[in-house]
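Tertiary structure, described
Given next are the chains, with one letter for each unit.
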Amino acid sequence: MSVLLLLLLLISGAQASYYGFVFNYAFGNFYPGGYTLPYDFKLSFSSCEEFDTETCFGYCSGPNYSIDETGGEWCQKGYADTFSYPYMGTLTQSVSTAAWTENRNGIVLSKAVLKFDTRNRSDIYKPNSSPRTTILPLVRVPSNCQRNINLLVSDPDGDDVRCRYAAGSECITCTPPSVLSVSSSCSLSFSPTNSSDEGPYAVQMVLEDFPTQTITLTDSFGSQVVKTASDSIGTTPIQFVFRVDPAAPSCTAGEYLPRFLPPTPQHGAQIYTNVNQAVEISVRAEATQAETTELLFSGPRGFTKSSSGSGNFSLTWTPSATEAGLGHPLCFVVQANSSGSVYQSDLRCVTVTAGSSPVTASPPTTTTPPTTTTPPTTTTPPQPTTISPSNPNSESYYVLALNAKLSTSLSLNNESATIINLIKEELERQGLPAGIIVELLNSGAVQVAP
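What counts and how
- Residues numbered from 1 in each chain as written.
- Predicted model: local features only at pLDDT ≥ 70, side-chain atom pairs only at ≥ 80, totals over all residues.
- Heavy atoms only, no water.
- Core = buried A, V, L, I, M, F, W, Y, C linked by side-chain atoms within 4.5 Å.
- Buried < 20%, exposed > 50% of the residue type's maximum accessible area, 1.4 Å probe, protein only.
- Pairing = 2+ DSSP bridges.
- Helix = DSSP H or I, 4+ residues; strand = E, 2+ residues; numbered from the N terminus.
- Salt bridge = Lys/Arg side-chain N within 4 Å of Asp/Glu carboxyl O.
- Contact = heavy atoms within 4.5 Å.
- Patch = residues over 30% accessible without salt bridge, like charges linked within 9 Å, V, L, I, M, F, W, Y side chains within 5 Å.
- Areas by Shrake-Rupley, 256 points an atom, 1.4 Å probe, with all protein chains shown as cover.
- Axes fitted to C-alpha atoms, helices over the stretch in contact; angles between N-to-C directions.

The subject of this paragraph is the nonpolar core. Buried together is how nonpolar side chains tend to be arranged in soluble globular proteins. Counting 64 residues, the largest nonpolar core has F21, F23, I135, M205, F240, F242 and L347 as its most contacted members. Core analysis: the next-biggest nonpolar cluster, separate from the first, contains 21 residues, A80, V279, V283 and F332 among them.

Right, dumping it as structure tokens:
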């Protein structure tokens, strides 16, 4: 059974210059076949060709899309789709990627760990959705200038989102940038430093969502776990490059570093539009001692940018029905050039929402696939197979172990195939996918009634 995680990342080629990763997913309402799961991930490399050749070994034939690029430096592309998810449990997916671009904190190979909790939440009657955010592949600041980078994070479930650097098994090398500190409120702070600290740094962060009240999570077999406001539900990685540039002649915004001007929306602004209705976001900036040359952004599929003269830009988006209901983060900067040096404005982010908010789900009529057996006494949660980079055609699948008592007049010794087929048919009738494989792993545990 192929699942979402097969579509995530299979990146080859240690020669690739990796610039970061952002992942978002949001569960929809319950349907007879399970839950719908719209998801989106963004990958950044030093060129757009690397996304095509390195991601999925070229097997990503689905809905990938271009976001933005700046020539000779980086390119960000995305992959968005919707998956039907029939099971509720917990999943941990380790994403192996190509080599990071050269950096000062010694991160060579990247690793991103996603922890999904797909159990049914008692407060919203559906599984957990991830926090939503985005980031440009490269954020830069002169070494002599103070800079605060405020990530714009939100959560479809209303959870409390907290940020931290990746640690332990969440990364291969977990050395945070020495020049950048992160707060739990998702603000990154850089203080002026000396020229010896100039250069690029790999940033490996994790977003965690915490419920604002005590909730109960229920899996597909009826087992329950209580989560309090101090317990995280899932973790989502966010990775990018932070570059400390040579000192600027001045740190005053509007001289060398571009300064945003009206009608540019404020950081954190909420922008609304309707499905199939274009929305245009005007961005204006000035740098009196440099030439404003470029607008760079990261956002949802379908955004385009244009310029009407120095310092005047616009971002345009016409959302489709698949983008309705969710708040989509959009971040942008303006760059300026002076005497061969590049200067970047503050990072500014807004949320763009298409259509109405999602309808609150009612409790599903059934979330546990019933069988002809008595309630199981023990279960083993689904575990995905490891996707090996040497096998791009491998599929992800799950193995469920069910300890149950069966009552039947059939002989286990002579009619085990019939028993297995009956169990398989009943599981499929109750909603499990067609084509599942059923095996009796321990014949000693089955008692045959006369």
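Picking up where we left off.
Right, let's get into the sheet that holds strand β16 (residues 224–227). Pairing is antiparallel in the open sheet, where three strands are placed in the order β8-β15-β16. Pairing within the sheet leaves two strands with one partner each, and these edge strands are β8 (120–121) and β16. Here strand β15 (residues 215–218) runs beside β16; their pairing, made up of four bridges, is antiparallel. What sits directly across from L217, in β16, is V225.

With that settled, the discussion passes to the pattern of salt bridges. Tallying each qualifying case throughout the model produces 15 salt bridges. The closest approach of N and O atoms between D159 and R121, which form a salt bridge, is 2.8 Å. Remark: R121 occurs in strand β8 and D159 occurs in the loop between β10 (147–150) and β11 (160–165); sequence separation between them is 38 residues. Residue D159 is classed as buried on the basis of its relative accessible area of 9%. We note a salt bridge from D346 to R147, for which the minimum N-O separation is 3.0 Å. Here R147 lies in strand β10 and D346 lies in the loop between β25 (341–344) and β26 (348–354), a separation of 199 residues in the sequence. Note on D346: relative accessible area 43%, which makes it partly exposed. Taking relative accessible area as the criterion, R147 reaches 5% and is therefore assigned buried. A single network of salt bridges, built from pairs that share partners, joins E73, R140, R243 and D245.

Turning to the environment of L136, a few remarks are in order. Inspection of the secondary structure puts L136 in the loop between β8 and β9 (138–142). Given a relative accessible area of 0%, L136 falls into the buried group. Sequence separation between L136 and V241 is 105 residues; the distance between their C-alpha atoms is 8.5 Å. The residues contacting L136, other than those within four sequence positions of it, are W74, F240, L296, F297, S298, C331, F332, V333 and L347.

Moving on, we come to a nonpolar patch on the surface. A surface patch of nonpolar side chains, about 270 Å² in accessible area, is lined by V108, L109 and I172. One can find I172 in the loop between β11 and β12 (180–182).

The next point concerns the sheet that holds strand β23 (residues 312–317). Pairing is antiparallel in the open sheet, where four strands are placed in the order β18-β20-β23-β22. Only two strands of the sheet have a single partner each, and these edge strands are β18 (259–261) and β22 (304–307). Pairs of neighbouring strands in the sheet enclose a mean axial angle of 30 degrees, with direction left out of account. As defined by bridge partners, strand β20 (residues 279–286) adjoins β23 across six bridges and the pair is classed as antiparallel. Within β23, the residue paired with E280 across the bridge is T316.

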